[in-house]
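Descriptive structure summary
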Amino acid sequence: MDTWFPRPDSPDDLHTLGPSGELGPGELFDHLTSPAAIEWRDKVGVSSPADGSAKSSTRLLSSRRWVFKTDTSQASLDMVSARAGLLELVALANRVELWHPDKRWFLLRTRSGPLDPAREHWWPVSVCPQLRSLRELRDWATFSERWAQVIGFALERSVADRVGLDLGPANFGLSLDQQAGVTDVECWYLDDETYAPLELEDVAQAIIARVPEWPDVDASGWCTFGSYLRGLLEPLQLQPRRWLELRERIADVPLAPRWHPQRGALLQGLGRPRAIANSSGVWPRRSPQRTAVVADIHANLDALEAVIDDAERERIDSWLLLGDVVGYGPDPSACIRLLDELPELIGVRGNHDHMACFGLERGINELARASLLHTRARLDARERDFLLALPVELRGPDWLAVHGAPIDPRRFRAYVYELNHRANLEHLLAGSRPHCFHGHTHVPRVVRMGRSGGGIEIIDPAAGVVVDMGRPGAMLINPGSVGQPRDGDPRAGYAIWDRVERSVQFRRVAYDVAHTRARLRDEGLPETLAARLALGR
Ligand code: ZN
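Residues numbered from 1 in each chain as written. Predicted model: local features only at pLDDT ≥ 70, side-chain atom pairs only at ≥ 80, totals over all residues. Heavy atoms only, no water.

**Some thoughts on the coordination of the zinc ion**
The following threshold applies: In this listing, donors mean N, O and S atoms no farther than 2.8 Å from the metal, or 3.2 Å for Na, K and Ca; water is missing from the atoms, so a site can look incomplete. In these descriptions, tetrahedral denotes four donors with every angle between 85 and 135 degrees, square planar four donors and octahedral six donors with opposite donors over 155 degrees apart and the rest between 65 and 115, and irregular any other case.
Those donors, Asp296 (OD), His298 (NE2), Asp324 (OD) and His442 (NE2), are the protein atoms that reach the zinc ion, and they lie 2.1 to 2.5 Å from it. For the zinc ion, the 4 donor atoms in the first shell make angles of 85 to 175° at the metal, so the coordination geometry reads as irregular.

This is the structure we're talking about:
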C-alpha cells in the first residue's frame, strides 16, 4: 500500500493517550486499515474557498464519519518526544473546551518513515468525528451567524482561558446534523495549534478578511452582521473603550477601496444601534423622577397592558426594563412592539431575550425550550433588533441594572439567592453604585446591608409597600415579575422607583389570566405554562 497516510501493521502499533472513548486500539486499527478509508489528498496543500487549506505536510484520512489527522513534519524517531507533544494537547483539551468532546489523540508506529527509511517512526495522530467546517457554508445568513459565534467563542477562550485560536473559518467545525439557528451553536476548533491570547487587531483582521470572500454581500448584510456581533459580544463585557478600539482596528485594516462601503456598514452595525442601549449612565433626553421598573414580562401581553395602565395612572415618566421580555408567554412580538412605543424606556437583556436571538443554551428545561422555539419562529427582524440592542448592564450615577446578578460575569445567567446575597451586596459596596435593580427570580424582594457590612435584611414586600432607598448601604431590588409571578400571587408585579423621594413602591395589578391562558392554548404552548399563571408559581 502506498503510504501517504501512515498505517499500522497491527493494533500493537497504536498507543492511545488517556481515555480513548468509543475507539480503542482495535477500532482505530480497523478504521486505519479499512479498504473503505479515504485519503483526503485533495484537501491538503490547496486553498480553495470551499475547503480546508491544510499545510502540505498534513495528512488526512476519513473512515466512516471519523477523520484522522497527522503531520509528516511531526513524525519522530523516538516515542518519548512524540508522546510529550501529545500529552500537552491532552492536558489543554482537559482544561479548555476547544475540541469536539470525542476527539482523541494517539501514537502510531510505522516500520519506516520520512526521517530514515530503515528505522521505526512515531506519529502523533488525532481522530475526531467528521465536522462541517465553517468554510464550507455557502449561505451568508447561516455563515454570518456561525462566524459571529466563532468570534465570541475565540474571544472568550482568550479572555477566560488565555488561549488564542487561529480565526480562519476552516479552523472551526460544526456537527453535520446541527439544526441551524435553533440550538446554541456547538462549534469546535479543528486545528491542533493554539497561540497567544487574541488581540483586538487579530479579531479586526479576521473579520475584514471575510469581506472580499463574500463579494455578493452588500452593505446592509454587513450592517446586520455588525449589530448581531455586537449583541453577541456584549455579554463578554467588552468595555466601551475596547469597543471603540475594535472599531478603530477594523477601520485600519488595509482593504481595497471597492470594499469600503461594506466596511462602513459593518462599523455602523457595530456601533450602538439605538437609544435604548444606553449603558453610559446618561438617561435619555430629560431627567426622570418616577420610573416604572418592570422585569420578566415573558411575552404576557395582558399582564403588560395592565401594568402600563396602572403605571400611567400613577403618573410615571420613564421605564426601566430588567429583561426577559420574551419566553414562556404567547405574545412575544406584541410585547416588544408595545415596549418599543413607551416613552423614556431603557433596559437590559435577559437570558430568554438572549436565547431568542442567539440560540438555546445546553441543558435548558423543556418548557423554556418549547416556548423559545415558538418565540424564534415569530419574531421579525425589527423585533429581534430590539432585543439585540439591549445591553447586559446599565449604570446610573449610584445604581446598576442587570437581569440576573451583579456578580455574574454575563449578568443574566446567575440568580440572586440566599447563598450569594452577601457576595452580591459586598460587590455593590466595593463599587460606586450601591443599588442594583434586577429580575430573573420572579419574586419581589429587597435585600440590603449597611455600609460597614454586617447583617443582611430581607424584605418580601406585599403589594403597596414602600421601601426607603435613602439609607446608606447596598441594596438588591427585584420588582417581581410582570408576566409570570412565582410568589404565589398571580397578579402582575412591578415597582415604581421615585428618584426624588428616594423610595421604591411595590405594586400588584390584576389582569385577565383566563384570557392569557386561552392565548397560550391558541398558540399551542404547553398546558403547564397556563396552569402556572393561575397559581402564580
Ligand atoms: Zn424570567
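Let us keep going from here.
**Let's talk about unusual backbone geometry**
The following threshold applies: Helix numbering and strand numbering both begin at the N terminus, where a helix is a DSSP run of H or I of at least 4 residues and a strand a DSSP run of E of at least 2.
With a phi angle near 40°, Arg64 is a residue other than glycine that sits in the positive phi range. By secondary structure assignment, the location of Arg64 is in the loop between strand 3 (58-63) and strand 4 (66-71).

**Points about empty space enclosed by the protein**
Formally: Cavities and pockets are found on a 1 Å grid laid over the protein atoms alone: a cavity is a set of points where a 1.4 Å probe fits but cannot escape, a pocket is an open set with protein on both sides within 12 Å along at least five of seven lines, and a lining residue has an atom within 4 Å of such a point. Grid points are joined across faces, edges and corners, and a volume is the space filled by probe spheres set on the points. Here the term charged refers only to Asp, Glu, Lys and Arg, the term nonpolar to Ala, Val, Leu, Ile, Met, Phe, Trp, Tyr, Cys and Pro, and the term polar to all other amino acids, Gly among them.
Using the criterion set out here, one finds 4 cavities of 30 Å³ or more in the structure. Counted as a void, the largest cavity has a volume near 50 Å³. In terms of lining residues, the largest cavity is bounded by His298, Asn300, Tyr328, Gly329, Gly483, Gln484, Leu520, Leu529 and Leu533. Here the residues of the lining of the largest cavity sort into 4 nonpolar, 5 polar and no charged.

**Notes on the packing of aromatic side chains**
Working definition: an aromatic ring pair is given by the centre-to-centre distance plus the angle between the planes. Here is the rule: Between the rings of Phe, Tyr and Trp (Trp by its six-membered ring), a pair exists once the centres lie within 6.5 Å; its type follows the angle of the planes, with under 30 degrees stacked, over 60 edge-to-face, and the other angles tilted. Classification of residues uses two cut-offs on accessible area relative to the type maximum, computed with a 1.4 Å probe and protein chains only: under 20% is buried, over 50% is exposed, and between them is partly exposed.
Per the counting criterion, the structure on display carries 14 aromatic pairs. Pairing Phe68 with Phe106 gives two aromatic rings, centres 6.2 Å apart and planes at 80°, and the pair type is edge-to-face. With Phe68 in strand 4 and Phe106 in strand 5 (residues 104-110), the pair connects residues that are 38 residues apart, well separated along the chain. Assessed through its relative accessible area of 0%, Phe68 is described here as buried.

**Some remarks on the sheet that holds strand 21 (residues 503-509)**
The cut-off we apply is this: Note on pairing: two strands pair once DSSP finds at least 2 bridges between them. Angles here are taken between N-to-C directions and fall from 0 to 180 degrees, while the axes themselves are lines fitted to C-alpha atoms, restricted in helices to the stretch in contact. The criterion used for residue contact is that any of the two residues' heavy atoms lie within 4.5 Å.
Spatial strand order, 12-11-10-20-21-18: 6 strands in an open sheet with mixed pairing. Where the open sheet ends on each side, the last strands, each with one partner, are strand 12 (345-347) and strand 18 (466-468). Put simply, the sheet's adjacent strands are angled 25° from each other on average, direction ignored. With 3 bridges joining them, strand 18 and strand 21 adopt antiparallel strand pairing. Looking across to strand 21, one finds that Val466 is bridged to Gln505. Where helix 8 (residues 301-313) meets the sheet, its contacts fall on strand 10 (290-294), strand 11 (318-321), strand 20 (492-498) and strand 21, and the angle it forms with strand 20 comes to roughly 30°.

**So, the pairing of strand 21**
Of all 7 residues making up strand 21, 7 are buried, and the element is well covered by its neighbours. What you see with strand 21 is no split at all: Ser503, Gln505, Arg507 and Val509 on one side and Val504, Phe506 and Arg508 on the other are buried throughout. Two elements, strand 20 and strand 21, share 7 bridges in a ladder whose sense is antiparallel. Residue pairing across strands places Ile496 opposite Gln505, the latter belonging to strand 21. What sits between the antiparallel neighbours strand 20 and strand 21 is a turn of 4 residues, in which Arg502 has the positive phi angle 55°.

**Observations concerning the layout of surface pockets**
Each pocket or cavity is described by its volume, and for the largest pocket that value is around 1,200 Å³. Forming the walls of the largest pocket are 46 residues, and the residues nearest its centre are Thr58, Lys69, Leu190, Asp191 and Asp192. Broken down by secondary-structure element, the contributors of at least two residues to the lining of the largest pocket are strand 3, strand 4, helix 2 (79-95), strand 6 (121-129) and strand 7 (131-133). Among the residues making up the lining of the largest pocket, the classes are represented as 20 nonpolar, 12 polar and 14 charged.

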